[in-house]
Amino acid sequence: MSLMLRVRDLHFSYGAVPVLNGISFHVREGELCGLFGPNGSGKTTLFKCCLNFLKLKQGTVHMCGRDVSKLSIREMAKIVTYVPQEHKPPFPYLVNEIVLMGRTPHLGGIFGIPHRDRMIAIDALDTLGIADLAERPYSQLSGGQRQMVLMARSIAQDTPLMFLDEPTSALDFQNQMRIWKIMRKIVESGRTIIACSHDPNHVAWFCDRVIVVGNSGVIADGDPAEVINEQTLGQIYHNTCTVQTVEGVRIVMPAGLQTWKNGKNHLNTCNQHVGQNTIRRIDYDIGHDKLEL
Amino acid sequence: MTASTSIKDFLPTLDYKRIYNFSELRKIGILVMLGIVLIAMVSIAVMMGNYYISITDSIYTIITHLTFGDISTIPSLHNIVIWDLRIPRIILSFLIGGSLAIAGTVYQSVFRNPLVEPYILGASSGAAFGAALSIVYPIIGVSIQLSAFCFGALAVTFAYLLARVQGETPIFTLILAGVIIGSIFTAFVSLLKYLSDDSALREIVFWLMGGFYYATWDDIILLAPVSIAGFLILLAMGWKLNILSMGDEEARSLGVNPERYKFIAIAVATALTAFSVSLVGIIAWVGLMMPHASRILLGPDNRYVIPASFMMGGMYVIVSDTLARILTSSEIPVGIITSVLGAPYLCYLLRSKGRGMFG
């Protein structure tokens, strides 16, 4: 299998603040690759570096064997599509117009948009089961619906490589499963997906490969069955999870979940005097982190 | 490229397609209707005025000119009033209104803000300074219009250069730079007003309010090519403007170079604005309001909003200027009419459609 994406020794910093230090990884053709890491580890920044939105300090990114810094923006948009986290545009475009925007890199004409492209856009909506939203203004949809629309736009863009930035973050359970199923389907058709996610279970269940990014760079890279274990999770989430097997499926759970509900969660309360008022202070002791309320 | 199977292979087909085609047809229908209303308005405007000329005489005069007929068959008074006074004035109003309205549409899309107007980058303040300079110091020997155009274009160029950092022009800095440059030129205009004598002061104030009193065929020969070329370029860019209004990163991921197309769009819109302002002074509200009115009729797709706002901007200024001509025996500056008509309209928009339009 050929390499779809190869990132080598990537360095990036926002001003003087270094964000990515020497990241290297690759994604093979036809893989659904999960990018997994805690908040602030630079997953979105890594995406933006790969997509040439941000200028690299050092390192190279190759897609389909071509150096992205040498590709034109239009050529790039035929190779890779990007699903951003959901957002609101300033104008109330209709859903079908938003999805049709995905066809832009394939459009040649000046005014008219070919019938075929419009049909592809509607089909993409239909794939996600949201064709009934086609004539609704995008800005009036819920966050989850908007995320589905952006996903549809990406499908309509019809590229061999897809970057998805937390594609299921605003979705309900049913739609999360639907999106992952669709991503599996897309991958089976020979396309390649790299998706970042905050849910270790999703990554473990649905991805072919997972790349774990921590604050110090790539922590682990490989089969989710091997990579998503208590040791790796402990490293990035500071021992707040356990991994258990239920009916042959591995599930990541919060550590000590049973004891939380039984009220045995090392709850310390004390009364604190602030001026004339007495404030009840509660310390929750979860793992080694302390939350104060 | 590795994706051998088409994305269509695993997609089912559906019947939502018919609805889609219908909505496109509907929009084209609305554009045609606007064209018809525009022609009707022009015809009415030709007849309106302090000197009454019947509809048959008006049509006869126009047709004789258009078909290169024998002009000596027209009464010379009709010929002067219709062909030398009213027609140039109506065409000029239309071109100015249309140009300002599409410039506003473009600025709003590129700046991703529906409350932006064509003067936001300082074109009007620059032009006002240029005009005032040439009024107060006629010794320089440059016409008011040329001076206004040069300084209008100069102000926007300054704002653009000021905002450009490391090959990129972020929207936020661009608008801020426009405000800075605009306020500097406004201050200079105040200074010139302070230095000028009474008659020059009066002329500056008149210029600032805008008007079509001196419209001639020469103005149209100057403006029409710019206006029509600008319109065609922006019309061709309609879809790209939609993409630009989604933001720089998204434009990139959709294959549209944001820096290149932002530059082209801003340059064309600025040329239209600077030309308009330098010819007739500052006409308020058209560039802010007509894009909104077009979006309410047709939705936000710029492929339709641009032709619609060109026609609606033109109509709005024709109506305003006709009112300016006929309301009183002496003329009212058209800038006053556009504001008086425009402000309540925008209030109405804000109250009735505000949430849908702006949120």
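See the structure printed just above.
Let us look at the structure shown here. (Residues numbered from 1 in each chain as written. Chains lettered and ligands numbered in written order. Predicted model: local features only at pLDDT ≥ 70, side-chain atom pairs only at ≥ 80, totals over all residues. Heavy atoms only, no water.)

1. Here's the deal with the overall build of chain A
Worth spelling out the cut-off: Here a helix means four or more residues in a row that DSSP labels H or I, a strand means two or more in a row labelled E, and each is numbered from the N terminus. Summary of the burial criterion: residues with accessible area below 20% of their type's maximum are buried, those above 50% are exposed, and those between are partly exposed, where the area comes from a 1.4 Å probe applied to protein chains only. The contact criterion used is simple: two residues touch if any of their non-hydrogen atoms lie within 4.5 Å. Only the protein chains shown count as covering a residue, and every accessible area follows the Shrake-Rupley method with a 1.4 Å probe.
Secondary structure assignment for chain A yields ten helices and 15 strands. Scored against the burial criterion, the 293 residues of chain A give a buried share of 54%. Pairs at least 24 apart in sequence give 61% of the contacts found in chain A among residues at least 6 apart. A total accessible area of about 13200 Å² is found for chain A, and carbon and sulfur atoms account for 50% of it.

2. Things to note about the sheet that holds strand β1 (residues 3-14) of chain A
All names here are of chain A. The criterion, for reference: By the convention used here, strands pair only if DSSP detects at least 2 bridges between them.
Reading across from one edge, β2-β1-β4-β5 is the order of the four strands in this open sheet, with antiparallel pairing throughout. Each edge of the open sheet is held by one strand with a lone partner, namely β2 (17-28) and β5 (66-67). Two strands pair when backbone bridges link them, and strand β4 (residues 58-63) and β5 are joined in this way by two bridges, in the antiparallel orientation. Considered in β5, the bridge of methionine 63 is made with arginine 66.

3. Quick word on the packing of helix α3 (residues 76-110) of chain B against helix α8 (residues 217-236) of chain B
Residue and element names in this part refer to chain B. Quick note on the threshold: Convention adopted: a line fitted to C-alpha atoms gives each axis, helices being fitted over their contacting stretch, and angles between N-to-C directions are expressed from 0 to 180 degrees. An angle counts as roughly parallel when it lies under 35 degrees, as roughly antiparallel when it exceeds 145, as roughly perpendicular when it falls between 65 and 115, and as oblique in every other case. Here a crossing is taken to be left-handed if its near helix is turned anticlockwise relative to the far helix by less than a right angle, and right-handed if that turn runs clockwise. Here the term charged refers only to Asp, Glu, Lys and Arg, the term nonpolar to Ala, Val, Leu, Ile, Met, Phe, Trp, Tyr, Cys and Pro, and the term polar to all other amino acids, Gly among them.
Between α3 and α8, whose axes approach to 10 Å, the crossing angle comes to 30°. It follows from the interaxial angle that α3 and α8 lie roughly parallel. In terms of crossing hand, the pair formed by α3 and α8 is left-handed. Contacts from Trp83, Asp84, Ile87, Pro88, Ile91, Leu92, Leu95, Ile96, Ser99, Ile102 and Val106 in α3 reach Trp217, Asp219, Ile220, Leu223, Ala224, Ser227, Phe231 and Leu234 in α8. Of the residues in the contact of α3 with α8, the class split is 15 nonpolar, two polar and two charged.

4. Focus: the packing of helix α4 (residues 123-136) of chain B against helix α7 (residues 198-209) of chain B
Residues and elements named next belong to chain B. At a minimum axis separation of 10 Å, α4 and α7 run at an interaxial angle of 155°. If you check the angle between α4 and α7, you find them roughly antiparallel. Here α4 runs over α7; the crossing is right-handed. Packed against α4, whose contacting residues are Ala127, Ala128, Ala131, Ala132, Ile135 and Val136, the element α7 presents Ala200, Glu203, Ile204, Trp207 and Leu208 at the interface. When the residues that make up the contact of α4 with α7 are grouped by side-chain class, the tally is ten nonpolar, no polar and one charged.

5. Concerning unusual backbone geometry
All names here are of chain B. With a phi angle near 55°, arginine 112 is a residue other than glycine that sits in the positive phi range. Of note, arginine 112 is situated in the loop between α3 and α4. Phi at tryptophan 285 takes a positive value of approximately 75°, unusual for a residue other than glycine. Within the element layout of this structure, tryptophan 285 appears in the loop between α11 (258-280) and α12 (286-298).

6. Here's the deal with α11 of chain B
Residue and element names in this part refer to chain B. Keep this limit in mind: For a helix, the expected span equals 1.5 Å multiplied by the residue count minus one. Whenever a nitrogen or oxygen atom comes within 3.5 Å of another N or O atom, the pair is scored as a polar contact, on the condition that within protein one atom can donate a hydrogen and the other can accept it, and that pairs from neighbouring residues in sequence are kept only if both atoms are in side chains.
Between its first and last C-alpha atoms α11 spans 33 Å; for 23 residues at 1.5 Å apiece the expected length is 33 Å, and the two agree. In terms of residue burial, α11 counts as a mostly covered element, since 18 of its 23 residues are buried. Near the N-terminus of α11, the side chain that reaches the backbone nitrogen of glutamate 259, with its oxygen 3.2 Å away, is that of asparagine 257. The first or second residue beyond α11 is glycine 281, which carries a positive phi of 85°.

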